[in-house]
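If you want the building blocks of each chain, they are given just below.
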Amino acid sequence: MAAEAPSGLRILLHQNVKERGSVPFSSHADRDRVIEVFRKLLLKGDLPENFALQAVQEAIKPQKQTVLVQDENQSLENALRTLLQELVSSAVQSGERMMQYGQTIDEGESIHGQIPRFLDIVLHLCDRGHVEGGMIFQLLEDLTEMSTIKDCKEIFGYIESKQDILGKQELFGRGKLVMLRTCNQLLRRLSKANDVVFCGRILMFLAHFFPLSERSAVNIKGVFNTSNETKYEKDAPDGITVDFNFYKTFWSLQEHFSNPTSTTLAPSKWQKFAFNLMVVLDTFEAQPLSDDDGNVNTLEQEEEDAVFNIKYLTSSKLMGLELKDPSFRRHILVQCLILFDFLKTPGKNDKDGPSESMKEEIKSCEERVKKLLEVIPPKGKEFLQSIEHILEREKNWVWWKRDGCPAFEKQPTERKIGHDGAKKRKPRWRLGNKELSQLWKWAEQNPNALTDPQRVRMPSITEYWKPLGEDMDVSAGIEAEYHHKNNRVYCWKGLRFSARQDLEGFSRFTDHGIEGVVPPELLPPEVRSKFHTKPGDKTKRAKKEEAKGAAAQPEDSQVASAAVETDGVGSGAELEDGVAPMDSDATAGEVQKQSPDMDSGHEAGQSEAEGEAEGDAKTDVKMEVEAAVHDETSPKEDGNPTSRDTRSTRKEN
């Protein structure tokens, strides 16, 4: 093979062509030959990828078949720039539009001018790496410099259509500075009052073309454009119809809007600004606009008829008309909101922010400005909502710049490749996924993991019911809708804990609900008395109820015994004299023997239910004894005196 080419930029060409000797490319004749080759290409209707590479190879004749050194690339760029100048000159002489000169119809029946066709060929060569990537950007810069503003709009339309290709990383790195310089030169040439839409297109293109964190597009230091001065009349002219003092006060606000930092640093300037602003706001409030004023200057027009003003005339003769213009008032009031938003934004240091008195003045002025914007027709409320939304979003950018403009883009993570060049397989987990496998490997031995204190443990009753106890405290002021008793899962778990650890508290759920389950030590005194009572009080209450029941039962038994006696007498059933007393005494003895046993059993601490049962049995026995005694001692119908004497003697004994 031949010797290596000189050091420099190398660009791959077609490899199936035999090597040629070194051909000098410095004379005007060679340059004209290259221009002629490319001029013929403009007349072809085929796609650039079918002939562009062969044309470069034929025109340059590189020293080596696979490389194009830097000198050859520079010579090719000079020849192409010369060809572009000739095409522009021919378009001007013919009087045709720049991008429409020499139109031809290709195979797809599309109409292309010679200059767009020429740019497509060069863009294809740059995209494929056949020539240096920054060549297309240099040609676009030359073209905009040689064109009028009217032609630049069409040229910029071509740039916007090729934005995806120009934004590729291979081309962007080579020509981003050239493209930035081209756009900035266009912006300087354009009128900010007449070419507002075109300026906006350029700015939108730069915002899409450059990354969000591009340092050239970020005003990191926060420097204001103080060169944008608003000039107004200092002396009152003859025949003025408005108050000239108000005129000067009104337009002096622009000095503070253009440089807000100076207003906050000097207290005297802030006082002057606040006073002037109050005068303007008072005037706006004293002269409100009607709906008719809003309909005269409506913005709902066709795009070609709409007029966008970013700077108003400052003649004192126009002051009266401008005050009746809704858009003019909105323009000034929105400037006030932007200034207030800037002053309220905290700085990196506490000293950078406004003072407390200044904050209060800003708040009061901001409220007045918003009220004025809301009443300005047409659609004042909708306009104010849009401005507030924009200012709210602007805060995100302010904080981003304050943090040093960190990059938003994150580089994709590269997949690790093994030593043998093969991609690593995804790990296979024993239990299906990573979390379950880690849980299984919590400890060396699984039984030890169950006793590990780091695991989730079952809380105690006091610990679990503590949040609900705090909710029940009236002094805590917790609203009912936020109480834990509304959480069904929490209550269900708590009942399970209480059933296992606090059976007494669990039994209170039937009478008092979930709040009765809470341990008494967690409740304040006034709430505790509602759900929990002392054991002594409960015992006394139970005894009183038992006494009432026992007093009522003998009365019923006496009535029943009287009925039994009447039945016995009517039937003629009589008991013998010797037998009846013995039976009555034996029965009385049995009752006396049973009653001490029952009293001792009651004192031994039996349950309340057993006490009630014994009380009922004791009452029944007494009823039987009294009925029997009553039968024996009652006088009989036969009038036997012996029986009466015997009964009286027994009573005395």
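Residues numbered from 1 in each chain as written. Predicted model: local features only at pLDDT ≥ 70, side-chain atom pairs only at ≥ 80, totals over all residues. Heavy atoms only, no water.

Side note on the overall build of the chain
If you tally the helices and strands in the chain, you get 29 helices and 2 strands. Looking at the chain residue by residue over its 653 residues, the buried ones come to 32%. Restricting the contact set of the chain to residue pairs at least 6 apart, pairs at least 24 apart contribute 69%. Counting only carbon and sulfur atoms, one obtains 52% of the accessible surface of the chain, whose full area is about 42,900 Å². (Helix = DSSP H or I, 4+ residues; strand = E, 2+ residues; numbered from the N terminus. Buried < 20%, exposed > 50% of the residue type's maximum accessible area, 1.4 Å probe, protein only. Contact = heavy atoms within 4.5 Å. Areas by Shrake-Rupley, 256 points an atom, 1.4 Å probe, with all protein chains shown as cover.)

Re the nonpolar core
Phe38 and Phe118 are the most contacted members of the largest nonpolar core, which totals 59 residues. Among the secondary structure elements, those contributing two or more residues to this core are α1 (28–41), α2 (52–60), α3 (70–94), α4 (114–127), α5 (135–145), α6 (149–161), α8 (169–189) and α9 (196–209). Among the nonpolar cores identified, the runner-up in size contains 37 residues, and Leu289, Leu339, Cys365 and Val369 belong to it. (Core = buried A, V, L, I, M, F, W, Y, C linked by side-chain atoms within 4.5 Å.)

A few points about the side chain of Glu515
Tracing the chain through its elements places Glu515 in the loop between α24 (509–512) and α25 (525–531). In terms of polar contacts, Glu515 uses its side chain to reach the side chain of Lys485, at 3.2 Å. Glu515 has contacts with Met472, Lys485 and Phe531, leaving out every residue within four places of it along the chain. (Polar contact = N/O pair within 3.5 Å; in protein donor to acceptor, adjacent residues only side chain to side chain.)

Here we look at the packing of aromatic side chains
For the structure shown, the criterion picks out 22 aromatic pairs. Ring centres of Phe205 and Phe209 lie 5.2 Å apart, and the angle between their planes is 15 degrees; on these two criteria the pair is classed as stacked. With Phe205 and Phe209 both in helix α9, this residue pair falls 4 residues apart, about one helical turn. Judged by relative accessible area, which is 7%, Phe209 ranks as buried. (Phe/Tyr/Trp six-rings, centres within 6.5 Å; stacked < 30°, edge-to-face > 60°.)

Some remarks on the packing of α5 against α8
The interhelical angle for the contact between α5 and α8, taken along N-to-C directions, is 10 degrees, at an axis separation of 9 Å. Considered as vectors, α5 and α8 are oriented roughly parallel to each other. Where α5 abuts α8, its residues Phe137, Gln138, Leu140, Glu141, Thr144 and Glu145 lie against Leu171, Gly175, Val178, Met179, Arg181, Thr182, Gln185, Leu186 and Arg189. When the residues that make up the contact of α5 with α8 are grouped by side-chain class, the tally is 6 nonpolar, 5 polar and 4 charged. (Axes fitted to C-alpha atoms, helices over the stretch in contact; angles between N-to-C directions. Parallel < 35°, antiparallel > 145°, perpendicular 65-115°, else oblique. Nonpolar A, V, L, I, M, F, W, Y, C, P; charged D, E, K, R; others polar.)

Quick word on α2
α2 sits mainly inside the fold: 7 of its 9 residues count as buried. Those residues of α2 that fall on the buried side of the exposure criterion are Ala52, Leu53, Ala55, Val56, Gln57, Ala59 and Ile60. Contacts from the buried residues of α2 go to α1, α3 and α4.

Things to note about the pattern of salt bridges
Taken as a whole, this structure holds 16 salt bridges when the rule is applied. With a shortest N-O distance of 3.0 Å, Glu160 and Arg201 are connected by a salt bridge. With Glu160 in helix α6 and Arg201 in helix α9, the pair connects residues that are 41 residues apart, well separated along the chain. Residue class for Glu160 comes out partly exposed when judged on its relative accessible area of 28%. Across the pair Lys344 and Glu366 runs a salt bridge, and its minimum N-O distance is 3.0 Å. (Salt bridge = Lys/Arg side-chain N within 4 Å of Asp/Glu carboxyl O.)

Focus: the environment of Ser507
Within the element layout of this structure, Ser507 appears in helix α23 (residues 503–507). Assessed through its relative accessible area of 44%, Ser507 is described here as partly exposed. Considered as a pair, Ser507 and Val517 are 10 residues apart in the sequence and their alpha carbons are 7.8 Å apart.

Things to note about unusual backbone geometry
A cis amide bond links Pro377 with the next residue in sequence, Pro378, at an omega value of -5 degrees. Take Pro378: it is sitting in the loop between α17 (356–375) and α18 (380–402). Not every positive phi belongs to a glycine, and Lys379 is a case in point at roughly 55 degrees. With respect to the helices, strands and loops of the structure, Lys379 is situated in the loop between α17 and α18. Residue Lys379 is classed as exposed on the basis of its relative accessible area of 54%.

Comments concerning a nonpolar patch on the surface
Taken together, Leu431, Leu436, Leu439 and Trp440 make up a surface patch of nonpolar side chains, about 380 Å² in accessible area. With respect to the secondary-structure elements, Trp440 resides in helix α19 (residues 434–440). (Patch = residues over 30% accessible without salt bridge, like charges linked within 9 Å, V, L, I, M, F, W, Y side chains within 5 Å.)

A few points about α17
The end-to-end C-alpha separation of α17 is 30 Å, in line with the 28 Å expected for 20 residues at 1.5 Å each. Within α17, the full set of buried residues consists of Met358, Ile362, Cys365, Glu366, Val369, Leu372 and Leu373. The arc that holds the buried residues of α17, viewed along the axis, is 125 degrees, so those residues lie on one side. The exposed residues of α17 that point more than 90 degrees off its buried face are Glu356, Glu360, Lys363, Lys371 and Val375. In this structure, the buried residues of α17 make contact with α12 (260–265), α13 (267–286), α16 (326–344) and α18. (Expected span 1.5 Å × (residues − 1). Arc of directions from axis to C-beta.)

Brief notes about the packing of α3 against α5
Contact pair α3 / α5: the axes reach a minimum separation of 10 Å and the direction vectors enclose 30 degrees. With respect to their mutual orientation, α3 and α5 come out roughly parallel. Between α3 and α5 the crossing geometry is right-handed. Note on element contacts: α5 touches α3 through Met135, Gln138, Leu139, Asp142 and Leu143, opposite Asn73, Glu77, Leu80, Arg81, Leu84 and Val88. The residue inventory of the contact of α3 with α5, partitioned by class, reads 6 nonpolar, 2 polar and 3 charged. (Left-handed = near helix turned anticlockwise from the far one by under 90°.)

Observations concerning the confidence of the model for the chain
On average, residues of the chain score 75 in pLDDT, and 67% of them reach the 70 mark or higher. When the criterion is pLDDT under 50, residues 1–26 qualifies, and its contacts beyond four places in sequence or with other chains add up to 60 contacts. Contacts for the low-pLDDT stretch residues 299–306, under 50 throughout, to residues beyond four places or in other chains number 2 contacts. (pLDDT = per-residue confidence, 0-100.)

Quick notes on the environment of Met472
Relative to the helices and strands, Met472 is located in helix α21 (residues 461–472). Here Met472 falls in the buried class, since its relative accessible area comes to 9%. Expressed as a C-alpha distance, the spacing of Met472 and Lys485, which sit 13 residues apart in the sequence, is 9.8 Å. Discounting residues that sit within four places of it in the chain, Met472 has contacts with Glu515, Val518, Leu523, Val527 and Phe531.

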